[in-house]
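The chain contents come next:
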Amino acid sequence: LFRSHLVGELRILEKRMQGVGRSIMFAVLAAIFVCFVIAILFLMGLGRFQMAWLAVTCFGLGLTMMVASLILFVREVRLATNAIHVRDEFLKLPEE
């Protein structure tokens, strides 16, 4: 019984680690796309480059990555809160 409980806990931890890893990856990708947007806008300001379509595309991809990151983070938080169960006996004060 204890071993099966332990295996279940480890499986939940594995899912949580994967979720957090993906969430961080998407957040980093979002930041990289924002850097691309800034660089493109800077280059457009310096010269006569017309790359607005590229800036818009990078901005859209950055937003998509950030949304994916937040969704994965919320999923992980739900996994974590569902995994924690405090037994009723621990929630009661001792009677005097």
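As the structure is a prediction and not an experimental result, all values here were calculated from the model.

Student: Quick question: what am I supposed to make of the overall build of the protein here?
Tutor: Scanning the protein for helices and strands turns up three helices and zero strands. Seen in sequence order, the protein has helices and strands lined up from the N terminus as α-α-α. Here the C-alpha radius of gyration of the protein, 22 Å, is well above what a compact globule of 96 residues would show, namely 12 Å. If one aligns the C-alpha atoms of the protein with their principal axes, the spans along those axes are about 80 × 35 × 15 Å. Expressed as a percentage of the 96 residues in the protein, the buried residues total 16%. When contacts within the protein are restricted to residue pairs at least 6 apart in sequence, those whose partners lie at least 24 apart make up 65%. Total accessible area on the protein stands at roughly 8200 Å², and carbon and sulfur atoms take up 71% of it. Side chains of the protein carry 10 positive and 7 negative charges; the gap between the two charge centres is 18 Å.

Student: Looking at this model, I keep getting lost on the side chain of S69. Mind explaining?
Tutor: Following the sequence through the fold, S69 ends up in helix α2 (residues 52–83). We classify S69 as buried; its relative accessible area is 5%. Apart from residues no more than four positions distant in its own chain, S69 is found in contact with S23, F26 and A27.

Student: Would you mind going over the nonpolar core with me for this structure?
Tutor: Among soluble globular proteins, nonpolar side chains are generally buried collectively. With eight residues, the main nonpolar core is built from A30, F33, V37, I40, M51, A55, C58 and M65. Secondary-structure elements contributing two or more residues to this core are α1 (2–46) and α2. When residues in this core are grouped by element, the largest group, four residues, is from α1. Once residues within four sequence positions are removed from consideration, V37 is found in contact with A55, C58 and F59.

Student: Just checking my understanding: could you explain the environment of F42 for this structure?
Tutor: Structurally, F42 can be placed in helix α1. Judged by relative accessible area, which is 54%, F42 ranks as exposed.

Student: Could you clarify how one ought to interpret the environment of F73 in this entry?
Tutor: Considering the arrangement of structural elements, one finds F73 in helix α2. Counting along the chain gives 57 residues from F73 to R16, while the straight-line C-alpha distance between them is 9.4 Å.

Student: In this structure, what is going on with the packing of aromatic side chains? I would like to understand it.
Tutor: The geometry of an aromatic ring pair is captured by the separation of the ring centres together with the interplanar angle, meaning the angle of the planes. Scanning the model with the defined rule gives one aromatic pair in all. Measuring from centroid to centroid gives 6.0 Å for F33 and F36, while their planes differ by 80°, and the two rings are edge-to-face. Within this pair, F33 and its partner F36 are both found in helix α1, separated by three residues, close to a single helical turn.

Reading the values: the criteria
Residues numbered from 1 in each chain as written. Predicted model: local features only at pLDDT ≥ 70, side-chain atom pairs only at ≥ 80, totals over all residues. Heavy atoms only, no water. Helix = DSSP H or I, 4+ residues; strand = E, 2+ residues; numbered from the N terminus. Rg over C-alpha atoms; globule rule 2.2 N^0.38 Å. Buried < 20%, exposed > 50% of the residue type's maximum accessible area, 1.4 Å probe, protein only. Contact = heavy atoms within 4.5 Å. Areas by Shrake-Rupley, 256 points an atom, 1.4 Å probe, with all protein chains shown as cover. Lys, Arg positive; Asp, Glu negative; His and termini not counted. Charge placed at Lys NZ, Arg CZ, Asp CG, Glu CD. Core = buried A, V, L, I, M, F, W, Y, C linked by side-chain atoms within 4.5 Å. Phe/Tyr/Trp six-rings, centres within 6.5 Å; stacked < 30°, edge-to-face > 60°.

Just distances and angles here, no functional claims.
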